[in-house]
Amino acid sequence: MLTLRERQINAIKQMLNLNSQQPKVLAAEPVWKILIYDRVGQDIISPIISIKELRELGVTLHVQLHSDRDSIPDVPAVYFCLPTDENLDRIQQDFSNGLYDIYHLNFLAPITRSKIENLAAAALHAGCVANIHRVYDQYVNFISLEDDFFILKHQQSDQLSYYAINRANTRDEEMEALMDSIVDSLFALFVTLGNVPIIRCPRNSAAEMVARKLEKKLRENLWDARANLFHMDATQAGGGVFSFQRPVLLLLDRNMDLATPLHHTWSYQALVHDVLDLGLNLVYVEDDSAASAGARKKPKACDLDRNDRFWVTHKGSPFPTVAEAIQEELESYRNSEEEIKRLKTSMGIEGESEIAFSLVNDTTALLTSAVNSLPQLMEKKRLIDMHTKIATAILNCIKARRLDSYFEIEEKIMSKQTLDKPLLELLRDSEFGQPEDKLRLYIIYYICAQQLPESEAERLREALQAAGCDLTALAYVQRWKSIMNRSPSISQATQYEGGGTRTVSMFTKLVSQGSSFVMEGVKNLVVKRHNLPVTKITEQVMECRSNAETDDYLYLDPKLLKGGDVLPKNRAPFQDAVVFMVGGGNYIEYQNLVDFIKQKQTSNVHRRIIYGASTLTNARQFLKELSALGNEIQAPGTS
């Protein structure tokens, strides 16, 4: 069964094949073409198709739509962009300048009738109607970061951010436009998956607005005989991604849990995102080799993709495990290298003796296999070096900011354990992390505490101020908590269970083998398995368990002509779910869902969860949004 990411790749490859089915056997030479995309198109392609793969698909040149481009005759030009007015103006300009002889226009979202008429008029005016071979609506307007993880926007993602959805003075038409863009992308997602979902979401939230609009859009499409995009979901394209059962789409609002996006983390992928700003599976790490040579440090791009076996295996592992794994990989690489060196020296045996001759015969076979394995070895070395560089950068941050201690304390707060030191003492300790880390810790403590006396809160805030923290975010968090406490179904303080951690003996492997990672002073924390709020709700909805919180969720089925929004009495559990967070997601929740579904697999039941979010934010970006919202409360009318 194909994953979401594979289906999106296939759709884009078919588009690059000029929208004809890909042949089973690749031709000796593809049709050469140029690819012209806008920023959104670039964000969609870059995490899933490498430049090397673009070359293999016949793309000789890929350029931005709004860059200065020269005329290239006789070559098909494949456009891949949103049908915005700005983009369409530029395409019309290309028509009138006669830049290309063959145009294939692929729009990321359906183009409206009036816009396509304007485009046709421009083509007529420029006299290039015959040059336009195809105009297609491609339903791929989402970004696949993993097989089971997607976001809607990367560049200009603040348009769909938590701040954009929750700010005070959003006009109705702005909110409508924002919700429509989320709905359009989710619609494209289900067209790509080839399934019509059943929709569940909490009432009276931004998620409900999205759910109602999406249901309407899906229903209109299903009952439109001419333009139905789902009629082939069982027959064509090998069936939908999911089995015969329909998936459940669980739409959630970021407001249900503000603690997790601020949580310090301990797994590899989430740490790379939190500390090094991982974006579209690319991370930039400062190159020390250049710095030691006296040159200025320049960041080196590291591509963390699915072809990297080490990354795929360890992205969800706790950081100490990753450091040990890198060390083991390095050892095995060194052994392979030694083997080749030894063979080379044994080949240099002098003399014509019998021994030398027989040895040469045996060794030749060995050396041939060793030489054949050289490319894999070189690639292995490159990946080891890359992960060593990334892990070293993370380790430096862990030590400088005491991230291991923050993680441990926050896990204790979430699991209601008593802290070894009072929080006030930690916040006053000038050696203990950066101001931003202290603020994150305090907000999590504030959210998870059932009753926090005002006097204690005041003392903690003074300590934060003394540490140089910007407290504007607190005004918003206080208001948010008071609103949440009024809704009886969600008690913020009780929904976190936190796994807690235990410290195991120090990194014996790393210490004994003289590792390049100096782990002194870093705790080797083992995390106990636990479910975050998102995962708990997902489990209840998939199992169709009766629960005070989720029973009240809307239940929308676009396939029913007259749908109610109340849960039917007898429902079979769902095998597959798409969990979508309106207002921004993070790798912590993604990893938690991945771990949860792994536990649920049995030999005869295969379950899947796809996690998605309108944007992907790390804690620093999320704090910035909370501060902007707090600013509006403190100084209303100025923003």
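Going by the structure above, here's the rest.
The sections below set out a description of the structure shown in this document. (Residues numbered from 1 in each chain as written. Predicted model: local features only at pLDDT ≥ 70, side-chain atom pairs only at ≥ 80, totals over all residues. Heavy atoms only, no water.)

Overview of the sheet that holds strand E14 (residues 554-556)
Pairing is mixed across the open sheet formed by 7 strands, whose spatial order is E6-E7-E16-E15-E9-E8-E14. Both edges of this open sheet fall to strand E6 (143-146) and E14, since each of them pairs with a single strand only. Between one strand axis and the next, the sheet turns through 20 degrees on average, direction left out of account. Inspection of the sheet shows strand E8 (residues 198-201) paired to E14 by 3 bridges, in the antiparallel sense. When the bridges of E14 are listed, Arg200 appears paired with Tyr555. Sitting on the sheet, helix H1 (residues 4-16) is in contact with E6, strand E7 (149-151) and strand E16 (608-613), with an inclination near 135 degrees to E6. (Pairing = 2+ DSSP bridges. Helix = DSSP H or I, 4+ residues; strand = E, 2+ residues; numbered from the N terminus. Axes fitted to C-alpha atoms, helices over the stretch in contact; angles between N-to-C directions. Contact = heavy atoms within 4.5 Å.)

Some points on the pairing of strand E9 (residues 248-253)
Counting buried residues along E9, 6 of its 6 residues qualify, which places the element largely inside the surrounding structure. Burial along E9 is two-sided: the residues Val248, Leu250 and Leu252 and Leu249, Leu251 and Asp253 are all buried. Here E8 pairs with E9 via 3 bridges, running parallel. The residue of E9 that forms the bridge with Ile199 is Leu249. One ladder, built from 6 bridges, connects E9 with strand E15 (residues 576-582); its direction is parallel. Paired with Leu249 across the two strands is Val578, which belongs to E15. (Buried < 20%, exposed > 50% of the residue type's maximum accessible area, 1.4 Å probe, protein only.)

A closer look at the packing of helix H14 (residues 374-401) against helix H15 (residues 403-414)
Two elements in contact, H14 and H15, have axes separated by 6 Å at closest approach and are oriented at 70 degrees. It follows from the interaxial angle that H14 and H15 lie roughly perpendicular. Across the interface between the two elements, Cys397, Ile398 and Arg401 from H14 touch Leu403, Asp404 and Tyr406 from H15. Taken together, the residues of the contact of H14 with H15 sort by class into 4 nonpolar, no polar and 2 charged. (Parallel < 35°, antiparallel > 145°, perpendicular 65-115°, else oblique. Nonpolar A, V, L, I, M, F, W, Y, C, P; charged D, E, K, R; others polar.)

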